[in-house]
Amino acid sequence: MVRLAVIGNPISHSASPTIHLQFAKQFDLQISYEKIYSPLEDFEKTVEEFFNSGGYGMNVTIPFKHRAFQMVDHVEDAYAEMSQAVNTIYKKENKLWGYNTDGHGFVDDLLDNCKVTLKDKDVFIIGAGGASVGIIPALISAKISKISIWNRTIQKAEIVAKRFDPWVSVSALDQISSHHIVICALSRSVDNNFLQPFLNSDLICYDLNYHSDQTETSFLQLARQQNITKCFDGKGMLIQQAAHAFSIWFKQYPDLRNITLL
C-alpha cells in the first residue's frame, strides 16, 4: 500500500483523493490517499511527520506551495524553480523532491480540452497571488506574446511582473484592459462592474476555480452575461495537474477519459 496525501488549509473540499484513486485503479495499484489539514504555523512539521511515518507522495495546495518550495531538498522542475512554488512532493533516497504540475495541467487543459491556441496570444491575468504565479512559467513555454497582470494592490502585480520579465513581456496594470485570453486567478468572486470593459465576445475566459456541483463560478457567469461564450473553469486543470503528479510518483500516465470529481 502506497501512502499519499494532499495538505492544505482549508482542505475538506479537495477532490484529489477521488481523482488519484481512479488513476490507481487503472494500473491495479494499491494506494491510500488522505486529506491533511495543517494549521498555518505547523506546515513543515506536518509534512515531516507524514514522510517520517512512511508517506511516499504528497500534493500541496493553498496556502503552502511557496513554503513547500523552501523546504524540499531538491527541485527537479523548471516551472517550480521559476514560480518558486511546489505542489507535488515525493521521497527518494531519504530526500524530498519537489515539482510544480499546476502549469502543466493548466496548459494541457487549454490545448487538449478547451482547444485554445496559446502561441502569440496576449494573456490578461486577474490576480497576482500563488495561483497566477504557478501558471505563468507554462504560459511562457507555450510561447504567448505577452502577459498583463491586474491585482487589487498594484505593487503585488509589479513584483510578479518583475520576476518573470526576463522570459516574456510582463506588465502590471492599474486598470482592466482587453486581451485575447482572460484568466481569473482570484480566490474571491468578482462583481459585475469588474467585467464591463470585456465586451468583446471573441474573448476566451478561464477561471482557475471551479464548483464541484457543476454550477459556473461568478466570474464565468458574469462573462456569459457579456455574451462571451468561450468560458472554462478549473476542473480540467485539476485533473490534468493530478495526472502529471501521478506520473511523477509512478512513472505511468493515466487515461483521463471518464475521470470524475465525485
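The model shown is predicted, which means the values in this text are computed figures rather than measured ones. (Residues numbered from 1 in each chain as written. Predicted model: local features only at pLDDT ≥ 70, side-chain atom pairs only at ≥ 80, totals over all residues. Heavy atoms only, no water.)

Chemist: Mind showing me how you'd approach the pattern of salt bridges here?
Modeler: It is possible for side chains of opposite charge to pair when their charged atoms get near one another. Applying the stated criterion to the full structure yields 7 salt bridges. Across the pair glutamate 44 and arginine 67 runs a salt bridge whose closest N-O atoms are separated by 2.9 Å. Here glutamate 44 is found in helix H2 (residues 43–52), whereas its partner arginine 67 is found in helix H3 (residues 65–71), with 23 residues between them in sequence. The salt bridge involving glutamate 216 is made with arginine 224; its shortest N-O contact spans 2.9 Å. For arginine 224, a relative accessible area of 37% corresponds to the partly exposed category. (Salt bridge = Lys/Arg side-chain N within 4 Å of Asp/Glu carboxyl O. Helix = DSSP H or I, 4+ residues; strand = E, 2+ residues; numbered from the N terminus. Buried < 20%, exposed > 50% of the residue type's maximum accessible area, 1.4 Å probe, protein only.)

Chemist: How do you make sense of the packing of helix H6 (residues 130–141) against helix H7 (residues 154–164) when you look at a structure like this?
Modeler: Packed helix pairs are characterised by how far apart their axes lie and by the angle those axes make with each other. For the pair H6 and H7, interaxial distance at closest approach is 11 Å and the crossing angle is 35°. The two elements H6 and H7 meet at a crossing, and its hand is right-handed. Here Val133, Ile136, Pro137 and Ile140 of H6 lie close against H7, whose contacting residues are Val160, Arg163 and Phe164. In terms of residue class, the contact of H6 with H7 is built from 6 nonpolar, no polar and 1 charged. (Axes fitted to C-alpha atoms, helices over the stretch in contact; angles between N-to-C directions. Left-handed = near helix turned anticlockwise from the far one by under 90°. Contact = heavy atoms within 4.5 Å. Nonpolar A, V, L, I, M, F, W, Y, C, P; charged D, E, K, R; others polar.)

Chemist: Even after reading the chapter, I still don't get the sheet that holds strand E6 (residues 95–99), so can you show me in this structure?
Modeler: For sheets, the rule is that strands pair by backbone hydrogen bonds, running either parallel or antiparallel. Ordered by their spatial adjacency, 6 strands build an open sheet running E2-E1-E3-E5-E6-E4, and the pairing between neighbours is mixed. Whereas interior strands pair on both sides, the edge strands pair on one side only; in this sheet they are strand E2 (31–37) and strand E4 (74–75). Bridge count between E4 and E6: 2 bridges; the pairing is parallel. Bridge assignment links histidine 74 to a residue of E6, and that residue is tryptophan 97. Strands strand E1 (2–8), E2, strand E3 (57–60), strand E5 (88–92) and E6 of the sheet are contacted by helix H9 (residues 235–250), whose axis makes an angle of about 5° with E5. (Pairing = 2+ DSSP bridges.)

Chemist: Would you take a moment to explain helix H8 (residues 218–225) for this structure?
Modeler: The periodicity of an α-helix, 3.6 residues per turn, causes residues three or four positions apart to be oriented the same way. Here H8 has its buried residues at Phe219, Leu220, Leu222 and Ala223. For H8, the angular spread of the buried residues around the axis is 160°, confining them to a single face. Those residues of H8 that are buried are in contact with strand E7 (122–126), strand E10 (181–184), strand E11 (204–207) and strand E12 (230–232). Asparagine 227 sits one or two residues past H8 and shows a positive phi near 65°. (Arc of directions from axis to C-beta.)

Chemist: Mind showing me how you'd approach the packing of aromatic side chains here?
Modeler: What characterises a pair of aromatic rings is the spacing of the ring centres plus the angle enclosed by the ring planes. Overall, the coordinates contain 10 aromatic pairs when judged by the stated rule. Considering the side-chain rings of phenylalanine 50 and phenylalanine 51, the 5.1 Å spacing of their centres and the 80° angle between planes classify their relative orientation as edge-to-face. Here the aromatic rings of tyrosine 56 and tyrosine 90 are separated by 5.8 Å at their centres, their planes lie at 55°, and the arrangement is tilted. Of this pair, tyrosine 56 sits in the loop between H2 and E3 while tyrosine 90 sits in strand E5, and the two are 34 residues apart along the sequence. Relative accessible area serves as the criterion here: at 25%, tyrosine 56 is assigned to the partly exposed category. For tyrosine 90, a relative accessible area of 4% translates into the label buried. One aromatic cluster is present, formed by Phe23, Phe27, Tyr56, Tyr90, Tyr99, Phe246 and Phe250 through successive ring pairs. Above the ring of tryptophan 97, the side-chain terminus of lysine 92 is found at 4.0 Å from the ring centroid. (Phe/Tyr/Trp six-rings, centres within 6.5 Å; stacked < 30°, edge-to-face > 60°. Lys NZ or Arg CZ within 6 Å of the ring centre and 35° of its normal.)

Chemist: Looking at this structure, how should I read the state of the cysteines?
Modeler: Joining two cysteines, a disulfide is a covalent bond between their sulfur atoms. What the rule picks out here adds up to 0 disulfides. With no disulfide partner, cysteine 184 has as its closest neighbouring cysteine sulfur the one in cysteine 205, 9.3 Å distant. Residue classification places cysteine 205 among the buried positions, given a relative accessible area of 0%. (Disulfide = S-S within 2.5 Å.)

Chemist: What's the story with H7 in this structure? I'm lost.
Modeler: All of the buried residues in H7 are Ala157, Val160, Ala161 and Phe164. For H7, the buried positions fall inside an angular range of 100° around the axis, keeping them on one side. Opposite its buried face, H7 presents the exposed residues Ile159 and Lys162, each directed more than 90 degrees away. The elements touched by buried residues of H7 are helix H4 (78–83), H6, strand E8 (146–150) and strand E9 (169–173).

Chemist: Can you walk me through the environment of glutamate 158 in this structure?
Modeler: When you line up the elements, glutamate 158 lands in helix H7. In sequence terms glutamate 158 and isoleucine 181 are 23 residues apart; their C-alpha atoms lie 20 Å from each other.

All quantities given are derived from atomic positions and should not be read as evidence of function.
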